[in-house]
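# Coordinate analysis (summary)
Each chain is listed here by its residues.
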Amino acid sequence: MSSRRPRSWQPSSASRITDEQINDLVSKLQAVLPEARIRRSDRVSAAKVLQETCNYIRSLHREVDDLSERLSELLASTESSSAQAAIIRSLLM
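Residues numbered from 1 in each chain as written. Predicted model: local features only at pLDDT ≥ 70, side-chain atom pairs only at ≥ 80, totals over all residues. Heavy atoms only, no water.

With an unreviewed UniProt entry as reference, the chain is termed BHLH domain-containing protein, source organism Musa balbisiana. Of the chain, the UniProt comment under Sequence similarities (unreviewed entry) reads exactly: "Belongs to the bHLH protein family." (UniProt positions renumbered as here; feature names shortened; annotations may be inferred.)

What follows concerns the pattern of salt bridges. Two side chains carrying opposite charge are able to pair once their charged atoms lie near each other. The final tally for this structure, using the stated rule, is 2 salt bridges. Between Asp 24 and Lys 28 there is a salt bridge whose closest N-O contact spans 3.4 Å. Of this pair, Asp 24 and Lys 28 both sit in helix H1 (residues 19-32), separated by 4 residues, roughly a single helical turn. Asp 24 sits in the partly exposed class, given a relative accessible area of 39%. The closest approach of N and O atoms between Lys 48 and Glu 52, which form a salt bridge, is 3.3 Å. With Lys 48 and Glu 52 both in helix H2 (residues 46-77) and 4 residues apart, this pair spans about one turn of that helix. (Salt bridge = Lys/Arg side-chain N within 4 Å of Asp/Glu carboxyl O. Helix = DSSP H or I, 4+ residues; strand = E, 2+ residues; numbered from the N terminus. Buried < 20%, exposed > 50% of the residue type's maximum accessible area, 1.4 Å probe, protein only.)

Here we take up the packing of H1 against H2. Put simply, H1 and H2 touch, their axes get as near as 10 Å, and they point 40° apart. Here H1 is positioned oblique relative to H2, judged by the angle of their axes. Where H1 crosses over H2, the two elements pack in a sense that is left-handed. Of the residues in H2, those in contact with Val 26, Leu 29, Gln 30 and Val 32 of H1 are Ala 46, Val 49, Leu 50, Thr 53 and Tyr 56. Its residues placed into classes, the contact of H1 with H2 shows 7 nonpolar, 2 polar and no charged. (Axes fitted to C-alpha atoms, helices over the stretch in contact; angles between N-to-C directions. Parallel < 35°, antiparallel > 145°, perpendicular 65-115°, else oblique. Left-handed = near helix turned anticlockwise from the far one by under 90°. Contact = heavy atoms within 4.5 Å. Nonpolar A, V, L, I, M, F, W, Y, C, P; charged D, E, K, R; others polar.)

Here is the structure:
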């Protein structure tokens, strides 16, 4: 089943978003991207900002996965009653 709406579908006036609102949201996204990805002074398309945002989110997911794996390995190699294990557990709470 397709997730696309029929061509005759029109959003209610309350759910319509203006070009100005879209531009504002794209600017906000661009502002939270790291400098290396898109320089704020550059004029870039909304599509480029959205693509870079997706790439950045994917890289953050990979980083979280890597850190989770490292933490699991650290906890597995640490005696559960040790001071180091207690510190790690306290940081996770």
